[in-house]
Amino acid sequence: MSSREQILARIRTALTDVPDREQDRSGGIERTYRTAHTPDGPALLDLLAENLTDYRAHLHRTTDDALPAVLARLFADRGTRTLAVPAGLPSHWLAGAAGVEQLHDDGALTPRRLDTVDSVVTGCALAVAETGTIVLDAGPAQGRRLLTLVPDHHVCVVRADQVVASLPQALPLLDPARPQTWISGPSATSDIELDRVEGVHGPRTLDVVIVGPGPSDGDRS
């Protein structure tokens with residue numbers, strides 16, 4: 001018998017004297033919190049922008065047609081010379097990034113090489129408006145976790161149709177077998193005196209570009 005089987009057997013033994021009515025107690029839990037007071041449309045994007053800004057992310061709003069120009073401006077403002085690019089990133093996103101060396105990741109970019117890269121640009125799996133959280137799961141346009149943990153500057157593009165209101169809405173959309181990175185603002189921590197330090201275990205600067213309806217190219221940083 002494996003360790004797992006032993007543990008489960010002990011749990012079953014411990015539950016043998018529990019009345020049936022108590023074992024079935026969870027069946028009647030109401031789940032109205034999943035949809036109560038849920039914003040949608042532009043209000044949902046506004047809520048995401050507000051909460052990401054609270055986490056000190058730099059917010060930008062744009063349309064799909066203007067996205068290449070917005071990304072090019074961000075790279076120029078940052079002084080980006082080298083850019084890590086994950087597989088599956090739409091090619092037109094970087095149409096305006098003239099003069100930037102694009103390092104397309106085929107699995108060969110090492111942590112040492114990524115540490116010398118100026119910026120990384122990715123998409124995302126989804127974003128949660130109520131918590132200001134962006135989720136990456138190594139899917140198309142996202143790449144390996146390494147890409148978004150080593151470079152000091154991360155530009156993340158979020159499409160309007162990828163935004164959900166709450167965590168209960170987000171979790172069923174994610175594959176638990178995939179490697180997930182949950183991002184709420186730039187990397188940060190505090191020492192014992194509560195002095196905030198950014199960039200300890202991830203990018204020091206996070207630019208989030210929301211593509212959809214609403215104010216266009218509005219920098220909310």
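Here's a quick rundown of the structure. The shown structure was predicted, so the numbers you read here are calculated from the model rather than taken from an experiment.

Grouped together as the largest cluster of nonpolar side chains are 20 residues, with contacts concentrated most on L48, I134, V158, V163 and V208. Broken down by secondary-structure element, the contributors of at least two residues to this core are α3 (42-54), β6 (133-136), β7 (153-159) and β12 (205-211). Considering every element that reaches this core, the biggest residue donor is α3, with five residues. Setting aside its immediate chain neighbours within four residues, V208 contacts L52, A57, H58, L59, H60, I134, C156 and V158. L74, V85, L89 and V209 belong to the second largest nonpolar core, which has 18 residues in total.

Given a rise of 1.5 Å per residue, twelve residues ought to cover 16 Å, and the 17 Å separating the end C-alpha atoms of helix α1 (residues 3-14) matches this to within 8%. Within α1, only zero of the twelve residues are buried, which leaves it mostly out in the open.

What follows concerns the pairing of strand β4 (residues 119-122). Burial along β4 is two-sided: S119 and V121 facing one way and V120 and T122 facing the other are all buried. Taken together, the two bridges between strand β2 (residues 82-85) and β4 define a ladder with parallel strand orientation. Counted as the bridge partner of L83 is S119 from β4. Sheet topology places β4 next to β7; three bridges connect them, and they run parallel. Residue V121 lies in a different strand from β7, and its bridge partner there is V155.

Now for the side chain of D137. Note on placement: D137 falls in the loop between β6 and α6 (145-149). What D137 contacts, discounting residues up to four positions off in sequence, is A125, Q142, R178, P179 and Q180.

What counts and what doesn't
- Residues numbered from 1 in each chain as written.
- Predicted model: local features only at pLDDT ≥ 70, side-chain atom pairs only at ≥ 80, totals over all residues.
- Heavy atoms only, no water.
- Core = buried A, V, L, I, M, F, W, Y, C linked by side-chain atoms within 4.5 Å.
- Buried < 20%, exposed > 50% of the residue type's maximum accessible area, 1.4 Å probe, protein only.
- Helix = DSSP H or I, 4+ residues; strand = E, 2+ residues; numbered from the N terminus.
- Contact = heavy atoms within 4.5 Å.
- Expected span 1.5 Å × (residues − 1).
- Pairing = 2+ DSSP bridges.

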